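# Notes for the structure review
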Amino acid sequence: MARTGAARPRVLRRVEPSTVAWLAALAALLFLVAVPVAKVVISSFQDTDTGAFTWNNYAVAYGHVRDYASLGTSLLYAAEVTVASIIIAVPIAWGVARTDMPCKGLVRAFVLGAFITPPYLGAIGWILLAGPNAGWINKVWMAVTGDAHGFVNVYSFGGLVVVTALYAFPYIFVFTADALERVSSEMEEAARILGAGHLRTILRVTLPLVTPAILGGAIVVFLDTVALFGTPAIIALPARIKVMTLVLWQFFEFPVRAEAAAAYAVPLVLITVTLFAAQRAILGRRGYVALTGKGGSRTLLQLGRWRWAIFGYAMLMVALSVLLPYAALAHAAFSRAWGRGFSLANLTLDNFKYLLLTDPAARLTIVHSFGYSAATACLAVALALCVAYIVSRRLVRHTAVLTALCMAPLVIPGIVLAIGFYSAWAPPPLALYGTAALLVFGFTARFLPIAYTNCMASLRSLNPEMEEAVRILGGSQLRAVTRVVVPLLKTSLIGSWLLVFIPATRELSTAIFLVGSNTRVISVMMLDLSENGSFETLAALGFFLLGVTILIVLAGYKLLGRDFMLRRS
Amino acid sequence: MLPSAGAYAQAKGPTGTDDPLYPAAKKEGQLTWYSGILDQPLCVQVGQAFSAKYPGIEVKPIKNSSQVALQRLMQDIKAGSMQADVFTTTDVGHMTFLNSKALLVPYVAPSASGFVPALRAFNGGGLYQVSWVGQVTILYNTTKVKLEDAPKDWPDLTNPKWANAITFGSPNYSGLVGVWTVGMAQRYGWEFFEKLNKLNPLIGRSVDDAGTVLNSGERSVAAGNPASALRSAARGNPLAMIYPSSGTLASPSPTAIMKGSSSPNAAKLFVEFLAGREYSQILSDNFEQPMRADVSPPKGAKSMAEIKTFAPTPEEIEKELGPNKEKWRDTFGG
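What you see is a predicted model, and the numbers here were worked out from it, not measured in a lab. One numbering rule holds for all chains: residues counted from 1, following each sequence as written. Chain letters and ligand numbers both follow the written order, the letters beginning at A and the numbers at 1. With pLDDT at 70 or above as the cut-off, local features in this predicted model cover only qualifying residues; side-chain atom pairs require 80 or more to be listed or tallied, and sums for whole chains, interfaces and linings still use all residues.

### Quick notes on the overall build of chain B
A tally of helices and strands in chain B yields 13 helices and 11 strands. Summarising its shape, the C-alpha atoms of chain B cover approximately 65 × 45 × 30 Å along the three principal directions. Exposure classes come from backbone-placed C-beta atoms, where a residue is buried if 20 or more other C-beta atoms lie within 10 Å of its own, exposed if 12 or fewer do, and partly exposed in between. Per-residue burial for chain B yields a buried fraction of 57% across its 334 residues. Here the contact rule is simple: place C-beta atoms from the backbone, and any two residues whose C-beta atoms are within 7 Å are in contact. Of the contacts formed within chain B by residues at least 6 apart in sequence, a portion of 78% connects residues at least 24 apart. Runs of E in the DSSP output that reach at least two residues are strands. Runs of H or I that reach at least four are helices, and both are numbered from the N terminus.

Encoded structure:
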């Protein structure tokens, strides 16, 4: 960080071609994020009918003590989910990245399988498992112990936290695993030579080196949870727990007060900025540069018998988030009528057949979702890398503004952001009504924060001296980025790509506002299926998504092969 | 989502090319329908049936929740570009609101005379017409509850034997549940809900959650939407519905033509189509309540003409829904 200040005068001295690239990135950021976010912030001060300036929306949004209570509940909920996610994710990431744990590809695939599970579906899976009256786990418990009541209740604060964390932890996993893969073993070896044991080495050397990544992932989980609607709607509402998003939804009941919803969201942007300031304070001036030009090597820790222990932990976690809930959902996906219970006569593949063969519209919807999400992921990662590079290498002043801009879309409720987006770009001059571009741009804005956080964490671990070497040898800044930064951060960028791609395939709140008659996506289809009672088809769709994701992930890691730092002796 | 091809073909009438509006409508070539009812595939099916009857006019349906559809409509109006030609919402209050801003084109479709009498009067003085009837009935899980033990009327739901066994939606998240609270409070007073709360009900979000909860076995009786339950039951799920003896809540959803849209003639033809037999037949084929007496109801349901229905008036809903939501929070804490 300290040495990058030198870059600015150089930029000012002569205009490079790269300057054009940065300007383009900034323009894209303005277009995709700043304008819609500004629309949201401005609308929070506008009267619904007249558009005149007013504080009234804030009075409506925060007028009741009850609403403060739900904001508090939301923050507590998000904090607990973050802690639970770290506990789940970090050991698995460490096992996958730094040890000789078996079946890593499979564990990775299941972790991303957890990620692609729509929160709605995961929550229903857990109701089937841990519902107080009819949950499988409780039925087994009652049968074995003879108790009249089950022992787990998904409709509780603890249940809400655990079920949310089981589908949020992959954020932290991807961030942390990427970072761990870039840490060379030299420092660990030094610690070992100086007499530190394995545990001490992990706690005092390995984990501190990846703190920026863990914190980056934690921030994303925290903000994502604050803004989450699906799981609370399924679990918190029946449990009579009031979180903010549930209150927020009520502003969309008639008379619709989108402006009040915007007002509700604005303080959250401030919370985000505070979180980033806190992150900077925690990280301080300590060095986290893990990737230098001097060539590191990474040896996997031989765990011996303990490798089965870490494998067991990883499998237990993916069992809780994927295997068990999907076993419960399988019952619906492969049934003619899921409410009839298990029987051979009730088994069928028709639900899959309907999705993939019978209904051309369903097939098209699936193709749309994957296509739009892939385009979104490419756009978001490219933009995030540019902006993160500008910010981390301090190429312009006021980088805090850029950070705030990049992060704001995560906390602005999807529907509110989508309204800002729609009002900015659907009408002329661009007239993007009903086009795929409207959805892709909207999704890009929505998921830019995730890509940005990940790129920032990666760039932090990269020593600027390699880029400086390119510059000294006469290469342009653009060349430094395309030939040095991108190749070195390859796996991390793929991680970012997946971190955007997967949530984009399940994104609902933005989609419902931006979707057109010919641009339907999976999440909207799921909402339709859940509303018309076709739960069997819905579960089948969930299975299909899980299967496709696992295949993509396995194929991706096969194609990419081992990363370049790993030298097996 | 299982359209039965046979019944559909049977209802497919002759083309409507001799309609006096057709030449002008055909020139417009297309219309956009913002729909707060049905689901997207069904809206598409309705659009295709319309195009079959009126060749050369394409329907672009955009299905959303009614609230989102209205919000989108308002954004379009702010941008000075009316995208929707026809707007359908589950909340009649939206029409009152739009009319107060002079955004509706009054139109009475000729076929509207074929609606069952209970629905014919629902037209806001010629501003809109019914396009869907949201019903709330008693639902139950047939493997857990026998027909003779099942609740027969609304007050039966408060029987202590349904403690930990009952589920329903919330007026704070579902317009139809909101109308149901107005209807119930009018008939039985707010004590009805206080009694329900003593049974530790499982409170879901929408009126359709009941079917999912009943199928999962977590609860056994519900107040919910019979259409999604019948659709699920037709697959073999253990769901059944009971029309409450004192009356089923039947809340009509209005459709209107937007002023300043680009296809005013096609819009009128479409509204006429929504009043006709073909459309009601598509509804019935998909387990929704047909609005005409000349179309038979879906399997397991009765015709609107045969059952006793009731609905609070739009004015009553407007006056009582807000306070009911507040009371709901006080009673159920959610």
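There is more to say, and it comes next.
### A closer look at the overall build of chain A
If you tally the helices and strands in chain A, you get 26 helices and 0 strands. Every radius of gyration here is taken over C-alpha atoms, with the globule rule written as 2.2 Å times N^0.38, N being the number of residues. Taken against the 2.2 N^0.38 rule, which gives 25 Å for 569 residues, the C-alpha radius of gyration of chain A at 24 Å falls within 12% of a compact globule. When burial is assessed residue by residue, chain A has 52% of its 569 residues classed as buried.

### Structural notes on unusual backbone geometry
Residues and elements named next belong to chain A. Cis rather than trans, the peptide bond between Pro-428 and Pro-429 has omega equal to 10 degrees. Along the chain, Pro-429 falls in the loop between helix H19 (414–425) and helix H20 (436–460). The backbone phi angle of Arg-240 is positive, close to 60 degrees, even though this residue is not glycine. The exposed category is assigned to Arg-240, around which 11 C-beta atoms lie within 10 Å.

### Thoughts on the nonpolar core
To form a nonpolar core, buried Ala, Val, Leu, Ile, Met, Phe, Trp, Tyr and Cys residues must be joined through C-beta atoms within 7 Å. In this structure, Ile-172, Ala-265, Ala-384, Val-387, Ala-451 and Val-500 of chain A together with Phe-270 of chain B are the most contacted members of the largest nonpolar core, which totals 292 residues. Considering each element in turn, this core owes the most residues, 17 residues, to helix H8 (residues 157–182) of chain A. Every residue in contact with Ala-265 of chain A, bar those within four places of it in the chain, is listed here: Val-40, Val-411, Ile-412, Pro-413 and Val-416 of chain A.

### A look at the environment of Thr-164 of chain A
All names here are of chain A. By the element assignment, Thr-164 lies in helix H8. Residues Thr-164 and Leu-228, 64 residues apart in the sequence, show an inter-C-alpha distance of 9.1 Å. Setting aside chain neighbours within four positions, we find Thr-164 in contact with Val-81, Thr-225, Leu-228 and Thr-231.

### So, the packing of helix H17 (residues 360–392) of chain A against H20 of chain A
All names here are of chain A. Under this scheme, a helix contributes an axis fitted over its contacting stretch, all axes are lines through C-alpha atoms, and angles between N-to-C directions fall in the 0 to 180 degree range. Contact pair H17 / H20: the axes reach a minimum separation of 6 Å and the direction vectors enclose 45 degrees. By the angle between their axes, H17 is oblique relative to H20. Between H17 and H20 the crossing geometry is right-handed. The cut-offs work like this: below 35 degrees is roughly parallel, past 145 is roughly antiparallel, 65 to 115 is roughly perpendicular, and the gaps in between are oblique. What makes a crossing left-handed is the near helix being turned counterclockwise from the far one by less than a right angle; a clockwise turn instead makes it right-handed.

### Description of the confidence of the model for chain B
All names here are of chain B. By definition, pLDDT measures how confident the predictor is in each residue, and it falls between 0 and 100. Mean pLDDT over chain B works out to 91, with 96% of the residues at or above the 70 mark. Note that residues 1–12 has pLDDT below 50 and, in this model, 18 contacts with residues that lie over four places away or in other chains. Reported confidences for the modelled complex are a pTM of 0.86 and an ipTM of 0.83.

### Describing the domain arrangement of chain B
Residue and element names in this part refer to chain B. Along its sequence, chain B is carved into domain 1 (5–133 + 251–300) and domain 2 (135–249 + 310–332). Placing the centre of domain 1 and that of domain 2 at their C-alpha centroids yields a distance of 28 Å. Of the residues lining the interface, 14 residues belong to domain 1; the matching set on domain 2 comes to 14 residues. Ranked by the residues each element gives to the side of domain 1 that touches domain 2, the list is headed by helix H5 (residues 92–100), at 3 residues. In this document the domain limits rely on a domain assignment from an automatic tool or a database.

### Some remarks on the pairing of strand E1 (residues 30–35) of chain B
Residues and elements named next belong to chain B. Of all 6 residues making up E1, 5 are buried, and the element is well covered by its neighbours. A pair of strands is labelled paired if DSSP reports no fewer than 2 bridges between them. Two elements, E1 and strand E2 (residues 58–63), share 6 bridges in a ladder whose sense is parallel. The residue bridging Gln-30 from the neighbouring strand is Glu-58, located in E2. On the question of chirality, the crossover connecting E1 to the parallel E2 by way of helix H3 (residues 40–53) is right-handed. With 3 bridges connecting them, E1 and strand E3 (residues 86–88) associate as parallel partners. Within E3, the position partnered with Trp-33 by the bridge is Val-86. Classification remark: right-handed applies to a crossover when, strands pointing away from the viewer, the course from the first strand over the helix to the second runs clockwise.

### Focus on the interface of chain A and chain B
On the chain B side, the residues contacting the 42 residues of chain A number 50 residues. For the side of chain A that touches chain B, the secondary structure elements donating two or more residues are helix H6 (119–130), helix H13 (244–250), H19, helix H24 (509–514), helix H25 (522–531) and helix H26 (535–560) of chain A. Its residues placed into classes, the side of chain A that touches chain B shows 23 nonpolar, 10 polar and 9 charged. Throughout this entry, Asp, Glu, Lys and Arg are counted as charged residues, while Ala, Val, Leu, Ile, Met, Phe, Trp, Tyr, Cys and Pro are counted as nonpolar. The remaining residues, Gly among them, count as polar.

### Quick look at the packing of H6 of chain A against helix H15 (residues 306–333) of chain A
All names here are of chain A. Across the interface, H6 lies against H15 with an axial gap of 8 Å and an inter-helix angle of 80 degrees. With respect to their mutual orientation, H6 and H15 come out roughly perpendicular. Each of Leu-121, Gly-122, Gly-125, Trp-126, Leu-128 and Leu-129 in H6 lies in contact with H15, whose residues at this interface are Leu-324, Pro-325, Tyr-326, Ala-328 and Leu-329.

### Re the confidence of the model for chain A
All names here are of chain A. When the pLDDT values of chain A are averaged, the result is 84; 91% of them are 70 or greater. Throughout residues 1–6 the model reports pLDDT below 50, and contacts reaching past four residues in sequence, or to other chains, amount to 5 contacts. Within the model, pLDDT remains below 50 along residues 562–569, and this stretch shows 9 contacts once partners closer than five positions in the same chain are excluded.

### Details of H17 of chain A
The length a helix should cover is 1.5 Å for every residue beyond the first. Helix length check: H17 of chain A (33 residues) gives 47 Å between terminal C-alpha atoms against 48 Å at 1.5 Å per residue, within 8%. With its phi angle positive at about 50 degrees, Arg-394 of chain A sits one or two positions after the end of H17 of chain A.

### Overview of the environment of Ala-374 of chain A
Mapped onto the elements, Ala-374 of chain A comes out in helix H17. Separated by 28 residues in sequence, Ala-374 of chain A and Leu-402 of chain A place their C-alpha atoms 25 Å apart.

### Details of the environment of Lys-268 of chain B
All names here are of chain B. Within the secondary structure, Lys-268 is located in helix H11 (residues 264–275). Here the alpha-carbon distance between Lys-268 and Tyr-107, two residues 161 residues apart in the chain, equals 7.4 Å. The contacts of Lys-268, once residues within four sequence positions are left out, are Leu-21, Tyr-107 and Ile-257.

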